[in-house]
Amino acid sequence: MNILNLIRWKNLGMIALMQYLIKYALLVPFGVEITLNGFGFTLLTTATLCIAAAGYIINDIYDVETDLVNKPDKVIVGKTVSEKTAYTLFIVFNVIGVLVGFYLSHLVGRSGFFALFVIISGLLYIYASYLKRLLLVGNIVVSILVAMSLLLVGLFELLPAVTAQNQETQLTFFKIIFDYAVFAFLLNLLREMIKDIEDIDGDYKSGMNTLPIALGRDRASKITFVFAIVPLLIVVHYVITYMYSQLYVVIYFLALVIAPLIFLIIKLYMAKTKKDFTFLSALVKLIMLFGMLSLILYKFVLLDS
């Protein structure tokens, strides 16, 4: 169980769920030309999860000093799992992820796609060891990598199957995936900003240069509050533009995405304590989950449009 917590099994489960929703709730029901069979898609998910798990491990290794201040009860490396074991697991997961990515890239006839897995793996290491100490840079990089976990499905499923006849259809579905990747990027960036405020004490001790350390907790909270309005406006625009004629879809977004976002913004404006920001961080993850689950509704949106 300690190793499962080390690799953030709940987060990995959410990544896998997002990828499977894109394939089986969005692409398969419409008979879109796709590249991967069940085995191939399992390889894609395996490569993604292994590299993500390695990223979580190396992040924990570099964050021991910070976590001892911010969340001493949840520190794993050096307590329940030795640093040597953690490094070994980091290497093993990375090697498996990159090798599976190499095989999969050749399987779909796009050997150049292999570079994506190497780049993502490298960026996760650089993020943990250096980038996260830079003002907003680390937050943006890790949020891009979260978005990439969605885009990988579009790249491996849709692009190799593009022909002159289906080009427009493939592009339409890739755009939908891209829109959800943008949603994931914005929500994850918001959560990273909230976590920086939550973890200011440990980050300061470790020499980080996060937004609340550079500008102060109050100013960082105000900036985060303003930024939280951006995904709200984008989701509202998306619903008005594409979902307006589907009553049940609109109700879903209003109840499970838009209303929680408004609630989050209000609570963010009022938040003062570490406990407040811990709650808001968890709420962002929940909103992201409901946002991704909305992919199930596209069968109704696209068939009736």
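Residues numbered from 1 in each chain as written. Predicted model: local features only at pLDDT ≥ 70, side-chain atom pairs only at ≥ 80, totals over all residues. Heavy atoms only, no water.

Chemist: Describe the layout of surface pockets, listing the residues and the values that go with them.
Modeler: Size it by volume and the second largest pocket reaches roughly 280 Å³. Considering the residues around the second largest pocket, the lining is formed by 16 residues, among which Asp179, Phe183, Ile234, Val235 and Tyr238 are closest to the centre. Listing elements by their share of the lining of the second largest pocket, those giving two or more residues are α8 (167–198), α11 (217–243) and α12 (247–270). By residue class, the composition of the lining of the second largest pocket is 11 nonpolar, three polar and two charged. (1 Å grid on protein atoms, 1.4 Å probe; cavity = no way out; pocket = protein on both sides within 12 Å on 5 of 7 lines; lining within 4 Å. Points joined across faces, edges and corners; volume = space filled by probe spheres on them. Helix = DSSP H or I, 4+ residues; strand = E, 2+ residues; numbered from the N terminus. Nonpolar A, V, L, I, M, F, W, Y, C, P; charged D, E, K, R; others polar.)

Chemist: I'd like a rundown of a nonpolar patch on the surface, residues and numbers included.
Modeler: A contiguous nonpolar patch, built from Tyr125, Ile126, Tyr130, Leu134 and Val137 and spanning about 420 Å² of accessible area, is present on the exposed surface. On the secondary structure map, valine 137 appears in helix α7 (residues 137–157). The class of valine 137 is partly exposed, set by a relative accessible area of 35%. (Patch = residues over 30% accessible without salt bridge, like charges linked within 9 Å, V, L, I, M, F, W, Y side chains within 5 Å. Areas by Shrake-Rupley, 256 points an atom, 1.4 Å probe, with all protein chains shown as cover. Salt bridge = Lys/Arg side-chain N within 4 Å of Asp/Glu carboxyl O. Buried < 20%, exposed > 50% of the residue type's maximum accessible area, 1.4 Å probe, protein only.)

Chemist: Describe the pattern of salt bridges, with residues and values.
Modeler: Within the structure shown, the criterion is met by six salt bridges. Across the salt bridge formed by aspartate 60 and arginine 8, the nearest N and O atoms sit 2.7 Å from each other. Here arginine 8 lies in the loop between α1 (2–6) and α2 (9–27) and aspartate 60 lies in helix α3 (residues 38–62), a separation of 52 residues in the sequence.

Chemist: Quick one: what's the story with the packing of aromatic side chains, residue by residue and with numbers?
Modeler: Counted according to the given criterion, the structure contains 14 aromatic pairs. Between tyrosine 24 and phenylalanine 41, the aromatic rings sit 6.1 Å apart at their centres with planes inclined by 85 degrees, giving edge-to-face as the arrangement. Of the two residues, tyrosine 24 sits in helix α2 while phenylalanine 41 sits in helix α3, which places them 17 residues apart along the sequence. Note on tyrosine 24: relative accessible area 41%, which makes it partly exposed. Judged by centre distance (5.1 Å) and plane angle (65 degrees), the rings of phenylalanine 113 and phenylalanine 156 are edge-to-face. Residue phenylalanine 113 is found in the loop between α5 (83–107) and α6 (114–129), and its partner phenylalanine 156 is found in helix α7; the two are separated by 43 residues along the sequence. Across this residue pair, the class does not change: phenylalanine 113 and phenylalanine 156 are buried. Grouping aromatic residues by their ring pairs yields a cluster made of Tyr20, Tyr24 and Phe41. Residue placement shows lysine 23 over the ring face of tyrosine 24; its charged tip is 5.5 Å from the ring centre. (Phe/Tyr/Trp six-rings, centres within 6.5 Å; stacked < 30°, edge-to-face > 60°. Lys NZ or Arg CZ within 6 Å of the ring centre and 35° of its normal.)

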